[in-house]
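# Inside the fold
Residue strings, one per chain:
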Amino acid sequence: MARDRFSTATRLRLLGEQTAARVYRSQTRRQDRRSRLTGRAAFLALVVCSLVVALAYPMRQYVSQRGEIAEQQRLAAEAADRVEKLRDDKARLQDDAYVRRLAREHLHYVLPGETGYTVIDPDAVAERQGDRGAADRPWYSNLFDGVDTADRSPER
């Protein structure tokens, strides 16, 4: 038996059994590691998905509010431009010559000693007379037509 212990066949058999045991143990460990990594990966994926879901609404709000801020800044710039234009108009209206020129152009004022003329365009007169439909009727007729129109539903 002691001789069997040191024989080549016995050694090869023992070496094969040891190698098979190592391979079996490494496969078992690898499977343990693989299943453990899969659990970790699933947990990591769950955490990432939770963060995405948790941050989606605030990010959407952030983006929409940035758009609203940009719109309000644009409106403020337009208002500032309008205020500047109104200040210029106010400064121009302080000048008496400018006010006189506006009165002559828009109100048809003339200075003493001047003769004012008004040129009438025949086409404009014809258009104005064609639009007089409501002006040709008595006022109470227009009033009752307005009441009737207001009572009608928009579907008719």
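Keep in mind it's a predicted model, so treat the numbers as computed, not measured.

## Points about the overall build of the protein
Helices and strands together make up the secondary structure of the protein, namely 5 helices and 0 strands. When the helices and strands of the protein are read in sequence order from the N terminus, they spell out α-α-α-α-α. Expressed as a percentage of its 156 residues, the buried residues of the protein come to 2%. Of the roughly 14900 Å² that the protein leaves accessible, carbon and sulfur atoms contribute 58%.

## Section: the packing of aromatic side chains
What the rule picks out here adds up to 1 aromatic pair. Look at Trp-139 and Tyr-140: their rings are 5.9 Å apart centre to centre, the planes differ by 80°, and that puts the pair in the edge-to-face class. By relative accessible area, Tyr-140 is classed as partly exposed at 44%.

## Things to note about unusual backbone geometry
One non-glycine residue, His-108, lies in the positive phi region at around 60°. Examined against the element boundaries, His-108 turns out to sit in the loop between α3 (96-106) and α4 (122-130). Classification of His-108 as exposed rests on a relative accessible area of 61%.

## Section: the pattern of salt bridges
Inspection of every chain in the model, using the stated rule, returns 5 salt bridges. Of the charged contacts, one joins Arg-74 and Glu-78 as a salt bridge, the two residues approaching to 2.4 Å between their closest N and O atoms. Of this pair, Arg-74 and Glu-78 both sit in helix α2 (residues 8-93), 4 residues apart, which is roughly one turn of that helix. The class of Arg-74 is partly exposed, set by a relative accessible area of 39%.

## Points about a nonpolar patch on the surface
A cluster of nonpolar side chains, namely Phe-43, Leu-46, Val-47, Leu-51, Leu-55, Met-59, Tyr-62 and Val-63, defines an oily patch on the protein surface of about 830 Å² accessible area. Counting through the fold element by element, Val-47 comes out in helix α2.

## Description of the confidence of the model for the protein
Per-residue pLDDT for the protein averages 83, and the proportion of residues at 70 or more is 83%. The weakest mean pLDDT in the protein belongs to helix α1 (residues 2-5) at 57; the strongest belongs to α3 at 91.

## Side note on the environment of Glu-114
Looking at the secondary structure, you find Glu-114 in the loop between α3 and α4. Within the local environment of Glu-114, its side chain forms a polar contact with the side chain of Arg-104, the two groups lying 3.0 Å apart.

So, how was this worked out
Residues numbered from 1 in each chain as written. Predicted model: local features only at pLDDT ≥ 70, side-chain atom pairs only at ≥ 80, totals over all residues. Heavy atoms only, no water. Helix = DSSP H or I, 4+ residues; strand = E, 2+ residues; numbered from the N terminus. Buried < 20%, exposed > 50% of the residue type's maximum accessible area, 1.4 Å probe, protein only. Areas by Shrake-Rupley, 256 points an atom, 1.4 Å probe, with all protein chains shown as cover. Phe/Tyr/Trp six-rings, centres within 6.5 Å; stacked < 30°, edge-to-face > 60°. Salt bridge = Lys/Arg side-chain N within 4 Å of Asp/Glu carboxyl O. Patch = residues over 30% accessible without salt bridge, like charges linked within 9 Å, V, L, I, M, F, W, Y side chains within 5 Å. pLDDT = per-residue confidence, 0-100. Polar contact = N/O pair within 3.5 Å; in protein donor to acceptor, adjacent residues only side chain to side chain.

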